[in-house]
Amino acid sequence: MNVNSITTTSEKAGHGYVTSMDGTRIFYKDWGPKEAQPIVFHHGWPLSGDDWDAQMLFFLGKGYRVIAHDRRGHGRSEQVGGGHDMDHYAADVAAVVEHLDLRNAVHIGHSTGGGEATRYVARYGKGRVLKLVLIGAVPPIMVKTPDNPGGLPTEAFDGYRAALASNRAQFYYDVASGPFYSFNRPATVASEPIIQNWVRQGMMGAANAHYLGIKAFSETDFTEDLKTIEVPALVLHGDDDQVVPIENSAPLSAKLLKNATLKIYKGLPHGMVTTHADIINLDLLRFIAV
């Protein structure tokens, strides 16, 4: 895909849109000094760039330039019928990065965004990427296959699709109030504002994009992408991640990456960038500032 064919469709201070080669309008936020070290955030399914508020404000306060886009069909980006796969996701990121002319950027991906960031760095990152961070990320591959016997069965993701098609709002509430933040654990106090913000972000997007995105995040194999990445990488994962089980994700990704550091957090959930932002932000800063 030729990302040189992008055009700017609308732009104001701090945010704007770019149009990718297939005509999809992608929304992005761009805060901070243009000459500062850029950090690009890749959000999880079915959310938006807003899920990175705690990180963007933290790093903005430290003098960094922070950028987050909404994936196609998510948040404020255009709702389209096609391209809901990792190849298009990565190409859309490349369009944003090229439009803003970001160089020596640190790319941070959470969950599905970790897969998106991995594919972007592997395919488009040469000369533009300084470091990569994967947080609760889906690589190498989530679904169970003959080559990936430790993965989750296809039936688990079929359940996601059925629940989304039946009652999307209820499904999103159940995910946010349960496994995503481990609010279903007896010792955990649920936060209704956090739950409602998760549902808000999800419902901003398109049902078709989220439905098709389940295949993208569960069935995409990132093994070869991970093997080709040479920049320093930080892999973070909570050992109480109920969405992307740690046994078949972070340790395997760290082994495949050429230059990776793995850190596992005892008892932390999938959504730890929100519930434990104070811990995650400091670890990110230590990695980025070196």
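Look up a bit, the structure's there.
Student: Requested: an account of the nonpolar core, with residues and values cited.
Tutor: Residues Tyr 120, Leu 132, Trp 198 and Phe 217 are the most contacted members of the largest nonpolar core, which totals 56 residues. The biggest single contributor to this core is helix 2 (residues 86-100), with nine residues. Ignoring any residue separated from it by four or fewer positions in sequence, one finds Trp 198 in contact with Trp 45, Pro 46, Leu 47, Tyr 172, Val 175, Ala 176, Phe 180 and Tyr 181.

Student: Report on unusual backbone geometry, specifying residues and quantitative values.
Tutor: In this model, Trp 45 is joined to Pro 46 through a cis peptide bond whose omega is -5 degrees. With respect to the element layout, Pro 46 can be found in the loop between strand 4 (38-42) and helix 1 (53-61). Going from Pro 139 to Pro 140, the amide bond is cis rather than trans, its omega being 5 degrees. For Ser 111, which is not a glycine, the phi torsion comes out positive at approximately 60 degrees. Among the structural elements, Ser 111 can be located in the loop between strand 6 (105-110) and helix 3 (112-124). On the basis of relative accessible area, Ser 111 is assigned to the buried category, the value being 6%.

Student: Please give an account of the packing of aromatic side chains that cites residues and values.
Tutor: The way to describe two aromatic rings as a pair is by their centre distance and the angle between their planes. Under the defined criterion, the tally for this structure stands at 18 aromatic pairs. Ring centres 5.4 Å apart and planes at 70 degrees place the aromatic pair Tyr 17 and Phe 27 in the edge-to-face group. Residue Tyr 17 is located in strand 2 (residues 15-19), and its partner Phe 27 is located in strand 3 (residues 25-31); the two are separated by ten residues in the primary sequence. Take Tyr 17: its relative accessible area is 14%, and that puts it in the buried class. Classification of Phe 27 as buried rests on a relative accessible area of 6%. Both rings, one in Tyr 181 and one in Phe 183, keep their centres 5.3 Å apart while their planes meet at 35 degrees; by these two values the pair is tilted. Each member of the pair Tyr 181 and Phe 183 is classed as buried.

Student: Lay out the pattern of salt bridges in plain terms, naming residues and giving numbers.
Tutor: Under the counting rule described, the total for this entry stands at 21 salt bridges. The closest approach of N and O atoms between Asp 158 and Arg 161, which form a salt bridge, is 3.0 Å. Highlighted residues: Asp 158 and Arg 161, both in helix 4 (residues 154-166), separated by three residues, approximately one helical turn. Judged by relative accessible area, Asp 158 falls into the partly exposed class, the value being 37%. Judged by its relative accessible area of 13%, Arg 161 is buried. Among the charged side chains, a salt-bridge network with shared partners connects Lys 29, Asp 50, Asp 53, Asp 70, Arg 76 and Arg 200.

Student: Explain helix 11 (residues 277-289) to me, using residue names and the numbers behind them.
Tutor: Under the 1.5 Å per step criterion, the end-to-end length of helix 11 is 17 Å for 13 residues, consistent within 8% with the ideal 18 Å. For helix 11, every residue scored as buried is listed here: Ala 277, Ile 280, Asn 281, Asp 283, Leu 284, Leu 285, Phe 287 and Ile 288.

Student: Describe the environment of Asp 87, with residues and values.
Tutor: On the secondary structure map, Asp 87 appears in helix 2. For Asp 87 and Tyr 120, which are 33 residues apart along the polypeptide, the C-alpha to C-alpha distance reads 8.4 Å. A polar contact is formed between the side chain of Asp 87 and the side chain of Arg 119, at a distance of 3.0 Å.

Parameters at a glance
Residues numbered from 1 in each chain as written. Predicted model: local features only at pLDDT ≥ 70, side-chain atom pairs only at ≥ 80, totals over all residues. Heavy atoms only, no water. Core = buried A, V, L, I, M, F, W, Y, C linked by side-chain atoms within 4.5 Å. Buried < 20%, exposed > 50% of the residue type's maximum accessible area, 1.4 Å probe, protein only. Helix = DSSP H or I, 4+ residues; strand = E, 2+ residues; numbered from the N terminus. Contact = heavy atoms within 4.5 Å. Phe/Tyr/Trp six-rings, centres within 6.5 Å; stacked < 30°, edge-to-face > 60°. Salt bridge = Lys/Arg side-chain N within 4 Å of Asp/Glu carboxyl O. Expected span 1.5 Å × (residues − 1). Polar contact = N/O pair within 3.5 Å; in protein donor to acceptor, adjacent residues only side chain to side chain.

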